[in-house]
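# Per-entry structural report
One letter stands for each residue in the lines below.
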Amino acid sequence: MTMLQDVYFQFEADFVASLRCIPMQVRYKLDTCGVKLKLKHWHQFSQEERQQLVVMPCDTAEAIANYRAYLQELVTQYNGEPAGELPVDSHPAWLDTSNLPTTVQDKLSEVGALLSQEQWADFTPIQRFALIKLSRPGHENLNFVPALQEFLA
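Conventions and cut-offs
- Residues numbered from 1 in each chain as written.
- Predicted model: local features only at pLDDT ≥ 70, side-chain atom pairs only at ≥ 80, totals over all residues.
- Heavy atoms only, no water.
- Helix = DSSP H or I, 4+ residues; strand = E, 2+ residues; numbered from the N terminus.
- Rg over C-alpha atoms; globule rule 2.2 N^0.38 Å.
- Contact = heavy atoms within 4.5 Å.
- Areas by Shrake-Rupley, 256 points an atom, 1.4 Å probe, with all protein chains shown as cover.
- Lys, Arg positive; Asp, Glu negative; His and termini not counted.
- Charge placed at Lys NZ, Arg CZ, Asp CG, Glu CD.
- Buried < 20%, exposed > 50% of the residue type's maximum accessible area, 1.4 Å probe, protein only.
- Salt bridge = Lys/Arg side-chain N within 4 Å of Asp/Glu carboxyl O.
- Polar contact = N/O pair within 3.5 Å; in protein donor to acceptor, adjacent residues only side chain to side chain.
- Disulfide = S-S within 2.5 Å.
- Axes fitted to C-alpha atoms, helices over the stretch in contact; angles between N-to-C directions.
- Parallel < 35°, antiparallel > 145°, perpendicular 65-115°, else oblique.
- Nonpolar A, V, L, I, M, F, W, Y, C, P; charged D, E, K, R; others polar.
- Core = buried A, V, L, I, M, F, W, Y, C linked by side-chain atoms within 4.5 Å.
- Phe/Tyr/Trp six-rings, centres within 6.5 Å; stacked < 30°, edge-to-face > 60°.

Another point: the overall build of the chain. Summing up its helical and strand segments, the chain has nine helices and two strands in all. Along the chain direction, N to C, the helices and strands of the chain fall in the order α-α-β-α-α-α-β-α-α-α-α. Its C-alpha atoms give the chain a radius of gyration of 16 Å, near enough to 15 Å, the size a compact globule of 153 residues would have. Dimensions of the chain, computed from C-alpha atoms along their principal axes, come out at roughly 45 × 30 × 30 Å. Excluding contacts between residues fewer than 6 apart, the proportion of contacts in the chain whose partners are at least 24 apart in sequence is 62%. Per element, the accessible surface of the chain, about 8,300 Å² overall, is 53% carbon and sulfur. Between the mean site of the 12 positive side-chain charges and the mean site of the 19 negative ones, the chain shows a separation of 7 Å.

Further remarks concern unusual backbone geometry. The phi dihedral of Leu19 is positive, around 55 degrees, even though this residue is not glycine. Mapped onto the elements of the fold, Leu19 is located in the loop between α1 (13–16) and α2 (24–33). Judged by its relative accessible area of 0%, Leu19 falls in the buried class.

Checked against the element boundaries, Glu49 lands in helix α4 (residues 47–55). Arg50 provides the closest opposite charge to the buried, salt-bridge-free Glu49, at an N-O distance of 7.2 Å. In this structure the side chain of Glu49 is engaged in a polar contact, spanning 2.7 Å, whose partner is the backbone nitrogen of Ser46. If we skip the residues at most four places from it in the chain, Glu49 touches Tyr70, Leu74, Gln77 and Tyr78.

Summarising burial for helix α8 (residues 125–133): nine of the nine residues are buried, a large majority. Among the residues of α8, Pro125, Ile126, Gln127, Arg128, Phe129, Ala130, Leu131, Ile132 and Lys133 are the ones counted as buried.

Turning to the state of the cysteines, a few remarks are in order. Taken as a whole and judged by the stated rule, the model has zero disulfides. Unpaired in this structure, Cys33 has its nearest cysteine sulfur neighbour in Cys58, at a distance of 5.0 Å. Residue class for Cys33 comes out buried when judged on its relative accessible area of 4%.

On to the packing of α2 against helix α5 (residues 61–79), then. Look at α2 against α5: their axes get within 10 Å of each other, and the N-to-C directions meet at 105 degrees. On the basis of their axis angle, the class for α2 and α5 is roughly perpendicular. In contact with Val26, Lys29, Leu30, Thr32 and Cys33 of α2, α5 contributes Ile64, Tyr67, Arg68 and Leu71. Its residues assigned to classes, the contact of α2 with α5 comprises six nonpolar, one polar and two charged.

With 21 residues, the main nonpolar core has Phe11, Trp120, Leu131 and Phe151 as its most contacted residues. Elements supplying a minimum of two residues to this core: α2, α6 (102–111), α8 and α9 (144–152). At five residues, α8 tops the list of elements feeding residues into this core. Other than its neighbours up to four places away in sequence, Trp120 contacts Ala93, Asp96, Thr97, Asn99, Leu100, Pro101, Val104, Leu115, Arg128, Leu131 and Ile132.

Take the packing of aromatic side chains next. The tally for this structure, following the rule as stated, stands at ten aromatic pairs. A centroid spacing of 5.8 Å and a plane angle of 50 degrees characterise the contact between Phe45 and Tyr78, whose relative ring orientation is tilted. Of the two residues, Phe45 is situated in the loop between α3 (39–44) and α4 and Tyr78 in helix α5; the sequence distance between them amounts to 33 residues. Ring pairs connect the aromatic residues Phe9, Phe11, Trp120, Phe123 and Phe151, which therefore count as one cluster.

Here it is in structure tokens:
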């Protein structure tokens, strides 16, 4: 992973101080370790526990296992049972620098923006992850344009 553990995106600035929403880097780690964390779970955690989930590494097999164990321990502590599981994609779209996902292409068309294959390839995996998440159908995705502008700046 090529992102700094303690850096947030600018488009998240309105909630990172309180960590009232799950930041992209934690969402990235959730997809990496295969845990379906609900916002209600996130809200049960203390500020320190949320911050720990932000800074904890999740980029090697051992770190992924440790992150998953810590997260499931927290959820179980508050709920009496672990969070649901997500399938872990062995070849996630955000690691594919040669293919711009259809959902991102559709969202770009919807907002009247363009993104070249070279620009997509130049983004970091976490930036590609964010655009994929922010382009999913059925969500408001108000941060898609701010994220795109931030990444292209």
